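# An overview of the molecular structure
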Amino acid sequence: MTTAAAGCLVLAGAAPALAQSAPDTSFRVTGFADASFVYLDNGITTSSEFTSMKFTPIFQFQYQDLVLFEAELEIENAGGETEVALEYAQADFFVHPNAVIVVGRFLSPFGQFFERLHPSWINRMADTPAGFGHGGLQPISETGIQVRGGIDLDPGTFTYSIALGNGPRVGEEGDTELEAFDGDDNDNKAISGRFGLLVIPNLELGASFLTAKVVGLEAEAGPGLIEPTEADLFQWGTDFAYTGGAWDIRGEYIRSNRDPINTAVEHAVDVEEFPTLESTAWYVQLAYRLSGTPGFPALANVEPTLRYGEYDITGNHELAEHSAENRWDVGVNYWMTPSLVAKTVLQRREFTAREPDEVTEETRLIVQVAYGF
């Protein structure tokens, strides 16, 4: 079952009808919402803006202890227009105490950040780490089938997730798009998964993998001098998380290798030859709730945070120029309720693949209010 939020709300109007006609069913609505303010200074220009408001409901319908249907929608007001995106829509079949079969569009089991921390009120920072999230190196979602579960080792617990799906695709910038697609453009299925070990109740270690083939795009003008080719993609990663007492300490490392490929990029008149694309992304993050500090009751709701991460890319200069960076985040969270938090984050970004005459450094101040329901 996807850990997308921590609370649930039974709809008052729907519950009596469900109880009379189908006593073995239940319907819940949960989710999260956030709004942010961002001030940016890149040494050349400054800007400030209230960014878009996001409202993300999660719908869950369960029949007995047999099956759970769930879906997450992201509703965002951006640029004066309302955009609606489907993050996942899946059916979870509880076939065994140690196994759940998941079918549909689901969050990728690779790694820990997006599947477990993407809700803004759960994420201790105001955005994703460098190289993670949409457009990053970590797989976001998949369309296919997944088997996941856990086994009690006494002591400790072993968890597993194995997925078979349509797989990623080559993007219009020569990158790899690691999000769910409804169709398969090369009839080759991707295999991904994660294995975790809870050494002690508060410490989990994990290892992930993804293997797939991706096919190059044709140029807008049609067949040219060079034909698109297919390439192998392999990713692996490790992660850890310690969530004992007032501490929340976690980190993750991802390495990706895509073999040489011939593909077109956006508005290209012909297919281009790209060398091996190698990328790495990693971060370490810690947060400490001052409620664990005796003698300071006024600080009980305050949580200092710190994160450092890097995103490196070789084999695609334009992609590296845009996205490769080292990033520091220093913040303070104030928890107004257990699921309502105000975050203030000072972020320093160094773009490591840009020329000296370009913007190579950027400082951002992010203020965000996030709520989980």
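Let me sum up the structure you'll find in this document. (Residues numbered from 1 in each chain as written. Predicted model: local features only at pLDDT ≥ 70, side-chain atom pairs only at ≥ 80, totals over all residues. Heavy atoms only, no water.)

Each helix and strand counted, the chain has three helices and 22 strands in total. A globule of 373 residues ought to have a C-alpha radius of gyration of about 21 Å, and the chain, at 22 Å, matches this closely. Viewed in the frame of its principal axes, the chain has a C-alpha envelope of about 65 × 50 × 50 Å. Scored against the burial criterion, the 373 residues of the chain give a buried share of 45%. (Helix = DSSP H or I, 4+ residues; strand = E, 2+ residues; numbered from the N terminus. Rg over C-alpha atoms; globule rule 2.2 N^0.38 Å. Buried < 20%, exposed > 50% of the residue type's maximum accessible area, 1.4 Å probe, protein only.)

Here the focus is the pairing of strand E18 (residues 277-288). Here twelve bridges tie strand E15 (residues 247-258) to E18, and the two strands are oriented antiparallel to one another. Of the residues in E18, the one forming a bridge with Gly251 is Val284. Note: E18 against strand E19 (residues 302-314), ten bridges, orientation antiparallel. Within the sheet, the bridge partner assigned to Ala287 lies in E19 and is Thr305. (Pairing = 2+ DSSP bridges.)

Attention now goes to the packing of aromatic side chains. In the structure shown here, the tally under the stated rule is twelve aromatic pairs. Ring geometry for Phe55 and Phe373: centres 5.7 Å apart, planes at 10°, overall stacked. Separated by 318 residues along the polypeptide, Phe55 in strand E4 (residues 54-63) and Phe373 in the segment after strand E22 (361-372) bring together distant segments of the chain. On the accessibility criterion, Phe373 (22% relative accessible area) is partly exposed. (Phe/Tyr/Trp six-rings, centres within 6.5 Å; stacked < 30°, edge-to-face > 60°.)

What follows covers the nonpolar core. Judged by nonpolar contacts, the single largest core of 26 residues is most densely connected at Trp121, Phe132, Tyr311 and Ile313. Those elements that place two or more of their residues in this core are helix H2 (113-117), strand E13 (203-215), E18, E19 and helix H3 (317-323). It is E18 that provides the largest number of residues to this core, a total of three residues. With sequence-adjacent residues up to four places away left out, Tyr311 is seen in contact with Ala130, Gly131, Gly136, Leu137, Ser279, Thr280, Ala281, Ser323, Ala324 and Glu325. (Core = buried A, V, L, I, M, F, W, Y, C linked by side-chain atoms within 4.5 Å. Contact = heavy atoms within 4.5 Å.)

Moving on, we come to a nonpolar patch on the surface. Nonpolar side chains collect at one region of the surface, where Phe93, Val95, Val103, Ile145, Ile162, Leu164, Ile191 and Phe195 lie side by side and expose about 610 Å² of accessible area between them. When contributions to the nonpolar patch are tallied by element, the ones reaching two or more residues are strand E6 (81-96), strand E9 (157-165) and strand E12 (190-200). Its relative accessible area of 34% is what places Phe93 among the partly exposed residues. (Patch = residues over 30% accessible without salt bridge, like charges linked within 9 Å, V, L, I, M, F, W, Y side chains within 5 Å. Areas by Shrake-Rupley, 256 points an atom, 1.4 Å probe, with all protein chains shown as cover. Salt bridge = Lys/Arg side-chain N within 4 Å of Asp/Glu carboxyl O.)

On to unusual backbone geometry. Most peptide bonds are trans, and most residues other than glycine sit at a negative phi. Cis geometry is found at the peptide bond from Asp154 to Pro155, where omega equals 10°. As for its position among the elements, Pro155 is in the loop between strand E8 (141-152) and E9. Here the phi dihedral of Gln64 falls at roughly 45°; this positive angle occurs in a residue that is not glycine. Along the chain, the position of Gln64 falls in the loop between E4 and strand E5 (67-78).

Tallied over the entire structure, the rule returns 18 salt bridges. For Arg250, the salt bridge identified is with Asp248, shortest N-O distance 3.0 Å.

You can see Ser256 is positioned in strand E15. Looking at Ser256, the relative accessible area reads 6%, which means it is buried. Engagement of the side chain of Ser256 in a polar contact is seen with the side chain of Gln235, the distance being 3.3 Å. The contact partners of Ser256, leaving out residues within four places of it in the chain, are Leu137, Leu233, Phe234, Gln235, Leu277, Glu278 and Ser279. (Polar contact = N/O pair within 3.5 Å; in protein donor to acceptor, adjacent residues only side chain to side chain.)

Attention now goes to a negative patch on the surface. Residues Glu172, Glu173, Glu177, Glu220, Glu266, Glu272 and Glu318 make up a contiguous surface patch of negative charge. With respect to the element layout, Glu172 can be found in the loop between strand E10 (169-170) and strand E11 (176-177). Taking the relative accessible area as the measure of exposure, Glu172 reaches 45% and is therefore partly exposed. (Lys, Arg positive; Asp, Glu negative; His and termini not counted. Charge placed at Lys NZ, Arg CZ, Asp CG, Glu CD.)

Right, let's talk about the environment of Thr157 for a bit. Inspection of the secondary structure puts Thr157 in strand E9. With 44 residues separating them along the chain, Thr157 and Pro201 place their C-alpha atoms 8.5 Å apart. The residues touching Thr157, leaving out its near neighbours within four places in the chain, are Ile151, Asp152, Gly196, Leu197 and Leu198.

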